[in-house]
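What the coordinates show
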Amino acid sequence: MGERTVDWDAAAYDRVADPQEAWGREVMGRLGLAGDETVLDAGCGAGRLTRLLAERVPRGRVIGVDASESMVEYARSNLADLGDRIELRVGDLTELELAEPVDAVFSNATFHWILDHERLFGRLFAGLRPGGRLEAQCGGEGNVAEWKRAIEAAEGDERFAPHLRGMPASYNFASVDETRRRLERSGFDVERVWLENKRYAPPDAREFVRSVGLTKHLARLPERLRDAFVDAVLGKMARPLTLEYVRLNISARKPA
């Protein structure tokens, strides 16, 4: 999942995750759950959508996996009332191992942080029962293009360049065609892969970008330079900040 796992500020992320929750609800609606399934939340984050999944399967259970230890700890504290209907674990989705196959895989705003989609889809396929569904959404080709350009320009600033030089890619905004090919090579029957444009203007631009878009960059910078880097990136964006998202949607099934 990159050079190393960078932990997130789970509480800060949860405060600004309204758009991710709204988009995730749309993806969840595609699962067509009966209520007794076991569902994998692949990239459960702070647990907002994990709770909603649990509400959709009152006679089932949800397994939430996330690479961030602070996210999983935060989710555990928020979901403790659900008891053993929720299992949360810290883990790399490209190394996923499940004791028993699940009926469905749900994922929202996670896959673009994983560079090796071939391996990711292979592990998700292995974790599904025959006939099980995969419904997911993440950043796709063309996602936040202006934002990416602003970050790249700030990376070249002499104040930040020594700390960010050699930084591996932070995200994988894949295309429809390459995603379909990877899913098919992993064994999935692909029902549909498509892009969808979304626009979001965060009410608190600084908190939003610190918590969502710049986590990996800020982790490499000394504390004294972090606010300056945020200012440098935001200074290259139009005001008020409006982010143009391109979401990659996946609907696929493991053959029965």
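Before reading further, recall that the structure is shown in the block above.
All of the points below concern the structure found in this document.

How each quantity is defined
- Residues numbered from 1 in each chain as written.
- Predicted model: local features only at pLDDT ≥ 70, side-chain atom pairs only at ≥ 80, totals over all residues.
- Heavy atoms only, no water.
- Helix = DSSP H or I, 4+ residues; strand = E, 2+ residues; numbered from the N terminus.
- Rg over C-alpha atoms; globule rule 2.2 N^0.38 Å.
- Buried < 20%, exposed > 50% of the residue type's maximum accessible area, 1.4 Å probe, protein only.
- Contact = heavy atoms within 4.5 Å.
- Areas by Shrake-Rupley, 256 points an atom, 1.4 Å probe, with all protein chains shown as cover.
- Salt bridge = Lys/Arg side-chain N within 4 Å of Asp/Glu carboxyl O.

A few words on the overall build of the protein chain. Helix and strand counts for the protein chain stand at 11 helices and seven strands. For 256 residues, the compact-globule formula gives about 18 Å, and the C-alpha radius of gyration of the protein chain, at 18 Å, lands near that figure. By principal-axis analysis of the C-alpha atoms, the protein chain measures approximately 55 × 40 × 30 Å. Across the 256 residues of the protein chain, 53% fall into the buried class. In the protein chain, once contacts between residues fewer than 6 apart in sequence are set aside, the share between residues at least 24 apart is 80%. Carbon and sulfur atoms make up 45% of the accessible area of the protein chain, which amounts to about 11400 Å² in all.

To continue, consider the pattern of salt bridges. Taken as a whole and judged by the stated rule, the model has 23 salt bridges. Of the charged contacts in the structure, one is a salt bridge between Glu 21 and Arg 48, with a shortest N-O distance of 2.6 Å. Separated by 27 residues along the polypeptide, Glu 21 in helix H2 (residues 18-28) and Arg 48 in helix H3 (residues 48-56) bring together distant segments of the chain. Residue classification places Arg 48 among the partly exposed residues on the basis of a relative accessible area of 25%. Between Arg 119 and Glu 95 there is a salt bridge; the shortest N-O distance is 3.1 Å. One end of the pair, Arg 119, is in helix H5 (residues 117-127); the other, Glu 95, is in the loop between strand E3 (86-90) and strand E4 (102-108), and 24 residues separate them in sequence. A relative accessible area of 39% places Arg 119 in the partly exposed class. On the accessibility criterion, Glu 95 (47% relative accessible area) is partly exposed. It is possible to trace a salt-bridge network through shared partners that takes in Arg 30, Arg 133, Glu 135, Glu 191 and Arg 253.

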